[in-house]
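Here are the chains, one letter per residue:
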Amino acid sequence: MQENTFITYDEALKIIADHKGDFTTETRSLKDSIGGYLAEDLIADRDFPPFDRVTMDGIAIAYDTFESGQRTYAIEAIAAAGTPQITLQNQQNCIEVMTGAIMPKGVDTVIRYEDVVIDDTKATINVDQLKNKQNVHFKGIDIAQGTVIVPKGKKLSSAEINIAASVGKATLQLVKMPKTVIFSTGDELVAVNEKPAAHQIRRSNVYGIQATLKEWGIPTHLEHLPDDSDAMKATIASYLQTYDLFIFTGGVSKGKFDYLPEVLASLQIKKHFHKIQQRPGKPFWFGTNATQKKVFALPGNPVSSFVCVYVYLRFWLLKSLAIEEKKTYAVLQKDVHFKPNLIYFLEATITSSSNGQLLATPVKGNGSGDFANLVKTDGFLMLPQNKNTFLQGEAYPFVSYRSIY
């Protein structure tokens, strides 16, 4: 591949997929597993529920007695949640039952307290109709023992944590995420807590990327590189000893001080591509070395780096985790004309219509350096290459960088 060759979006995805990560596993306590990716199946160790479970406070009877016309029952016993199963001794009697209790033997139907009158040791049913076996959550009706409830690869939310606890998993086998470092580059950048001179700006891109990767379950370290090729080479070489995933912002364009591509080459990191036929985010560099360290070198402009993180780095992560990407489509709310023959990632806000459609309204910014525009929008519409007119009412893929509900 020649230095000035621009590849397509689809070609970039194929190359990245060919170099997906091979992650190891680690053991974490249940309480520390939220946001992690399962490296094992969560399997039901018993039926769900594990017994016929009472779902209403009330009385339990044998339904046949009600069918025969009986309405008043002597209360024989009380079955509370958390106590062993008891047995009805006289079929003409009833047992008071509490929500969560094991359904007693000899009864099959529960009548809630609201439909009975309790008078000392007797209960009288005051409704004319009952449904046989009502208000009982039967053993195994939700999930049978041995069933895979949550497959490996799933990202753990509070719902999956609940399941893990219910099947007795005090610890979990999770995917061990790659040890990751994010580099900012350039002498124009100063630390967040510094007051910039007139010719400087604060480092910001790396914090947004770090926050994004944290949402994806990847802890990161931040580092800065000056515009000095020797210093860059020495710093990157030291991190190559212990880190797996490298993300750079800036230093990959055509400027005289954009040393990063030549520094990476000198460190035996093979370039798989450098430029993509897209806007924004054209000068995006991807490579690996002999030990399969992965390098994503993003453009320095904030909007461009956001696009490349959410489109390409996320794609690589999902491929590495063997998770199928779920595409979201949104309906364009006004005509867009875009002449260059490039895939166009267009910033937009999202609303929903009464008929359930996602509606995307483009929000024009002031170019790929306008990071403030990101605050006004929800993500990017992906407008395909080889087309220059996109009409209101047409649906296109939407890449979100914030919750859209």
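Since the model is a prediction, treat every value here as computed from it, not as a measurement.

Calculation criteria
- Residues numbered from 1 in each chain as written.
- Predicted model: local features only at pLDDT ≥ 70, side-chain atom pairs only at ≥ 80, totals over all residues.
- Heavy atoms only, no water.
- Helix = DSSP H or I, 4+ residues; strand = E, 2+ residues; numbered from the N terminus.
- Contact = heavy atoms within 4.5 Å.
- Pairing = 2+ DSSP bridges.
- Axes fitted to C-alpha atoms, helices over the stretch in contact; angles between N-to-C directions.
- Phe/Tyr/Trp six-rings, centres within 6.5 Å; stacked < 30°, edge-to-face > 60°.
- Buried < 20%, exposed > 50% of the residue type's maximum accessible area, 1.4 Å probe, protein only.
- Patch = residues over 30% accessible without salt bridge, like charges linked within 9 Å, V, L, I, M, F, W, Y side chains within 5 Å.
- Areas by Shrake-Rupley, 256 points an atom, 1.4 Å probe, with all protein chains shown as cover.
- Salt bridge = Lys/Arg side-chain N within 4 Å of Asp/Glu carboxyl O.
- Lys, Arg positive; Asp, Glu negative; His and termini not counted.
- Charge placed at Lys NZ, Arg CZ, Asp CG, Glu CD.
- Core = buried A, V, L, I, M, F, W, Y, C linked by side-chain atoms within 4.5 Å.
- Parallel < 35°, antiparallel > 145°, perpendicular 65-115°, else oblique.
- Left-handed = near helix turned anticlockwise from the far one by under 90°.
- Nonpolar A, V, L, I, M, F, W, Y, C, P; charged D, E, K, R; others polar.

1. Description of the environment of alanine 101
With respect to the helices and strands, the residue alanine 101 is situated in the loop between strand 7 (94-97) and strand 8 (109-112). Residues alanine 101 and alanine 79, 22 residues apart in the sequence, show an inter-C-alpha distance of 6.4 Å. With sequence-adjacent residues up to four places away left out, alanine 101 is seen in contact with Phe51, Asp52, Arg53, Val54, Ala79, Ala80 and Ala81.

2. Section: the pairing of strand 6 (residues 72-79)
Where strand 6 and strand 10 (residues 122-125) come together, three bridges link them in antiparallel fashion. Bridging across to strand 10, tyrosine 73 finds its partner in alanine 123. Direction of pairing for strand 6 relative to strand 7: parallel, over a ladder of four bridges. Residue pairing across strands places alanine 77 opposite isoleucine 95, the latter belonging to strand 7.

3. So, the sheet that holds strand 8
In spatial order, the strands read 8-5-7-6-10-9; together these six strands make up an open sheet with mixed pairing. The open sheet is flanked by strand 8 and strand 9 (116-119), the only strands paired with a single partner. The mean inter-strand angle of the sheet, taken between neighbouring strand axes irrespective of direction, is 40 degrees. Of the strand pairs in this sheet, strand 5 (residues 58-61) and strand 7 are connected by three bridges, and their pairing is antiparallel. Residue pairing for strand 7: glycine 58 is matched across the bridge by valine 97.

4. Section: the packing of aromatic side chains
Under the counting rule described, the total for this entry stands at 21 aromatic pairs. Here tryptophan 216 and tyrosine 310 contribute two aromatic rings whose centre-to-centre distance is 5.5 Å and whose plane-to-plane angle is 80 degrees, an arrangement assigned as edge-to-face. You can see tryptophan 216 sitting in the loop between helix 4 (205-215) and strand 17 (220-225) and its partner tyrosine 310 sitting in helix 7 (residues 302-320), a full 94 residues away along the chain. Under the relative-accessibility criterion, tyrosine 310 is labelled buried at 6%. The interplanar angle of 20 degrees and the centroid separation of 6.2 Å between the aromatic rings of phenylalanine 284 and phenylalanine 296 together place this pair among those described as stacked. Separated by twelve residues along the polypeptide, phenylalanine 284 in the loop between strand 21 (278-279) and strand 22 (285-288) and phenylalanine 296 in strand 23 (residues 294-298) bring together distant segments of the chain. Put simply, the rings of Tyr9, Phe23, Phe273, Phe284, Phe286, Phe296, Tyr312, Trp316 and Phe345 touch in pairs and so form one group of aromatic residues.

5. Some points on a negative patch on the surface
Residues Asp187, Glu188, Asp228 and Asp230 make up a contiguous surface patch of negative charge. Mapping aspartate 187 onto the fold places it in the loop between strand 14 (180-185) and strand 15 (189-190). Given a relative accessible area of 48%, aspartate 187 falls into the partly exposed group.

6. Side note on the nonpolar core
Formed by 44 residues in total, the largest nonpolar core has its most connected members in Phe273, Phe296, Tyr312, Leu313, Leu317 and Phe345. Among the secondary structure elements, those contributing two or more residues to this core are helix 1 (9-18), helix 4, strand 18 (245-249), strand 23, helix 7, strand 26 (343-352) and strand 28 (379-383). Each residue touching leucine 317, except ones within four places of it in the same chain, is listed here: Phe23, Tyr37, Met177, Trp216 and Ile218. Phe248, Leu260, Leu267 and Val295 belong to the second largest nonpolar core, which has 20 residues in total.

7. Points about the packing of helix 4 against helix 7
At a minimum axis distance of 10 Å, the contact between helix 4 and helix 7 shows a crossing angle of 20 degrees. Taken together, helix 4 and helix 7 sit at an angle that is classed as roughly parallel. Helix 7 is crossed by helix 4, and the crossing has right-handed handedness. When helix 4 is examined against helix 7, the residues Asn205, Ile209, Thr212, Leu213 and Glu215 are found in contact with a partner set consisting of Pro302, Ser305, Val309, Tyr310 and Leu313. Considered class by class, the residues forming the contact of helix 4 with helix 7 number six nonpolar, three polar and one charged.

8. Notes on the pairing of strand 23
With five of its five residues buried, strand 23 lies for the most part within the structure. Alignment of strand 18 against strand 23, held across five bridges, turns out to be parallel. Pairing of isoleucine 247 across the sheet is with phenylalanine 296, part of strand 23. Bridging between strand 22 and strand 23 involves four bridges; their strand directions are antiparallel. Note on strand 23: the bridge partner recorded for tryptophan 285 is alanine 297.

9. Points about unusual backbone geometry
In this structure, proline 49 follows phenylalanine 48 across a cis peptide bond, with omega equal to -10 degrees. Along the chain, proline 49 turns up in the loop between strand 3 (42-43) and strand 4 (53-54). Omega for the bond connecting arginine 279 with proline 280 falls within 30 degrees of zero, at -10 degrees, which places this linkage in the cis form. Counting through the fold element by element, proline 280 comes out in the loop between strand 21 and strand 22. At aspartate 120, a residue that is not glycine, the phi angle is positive and equals roughly 55 degrees. Even without being glycine, glutamine 268 reaches a positive phi, approximately 65 degrees. Residue placement: glutamine 268 occurs in the loop between helix 6 (260-266) and strand 19 (270-273). The exposed category is assigned to glutamine 268, whose relative accessible area is 61%.

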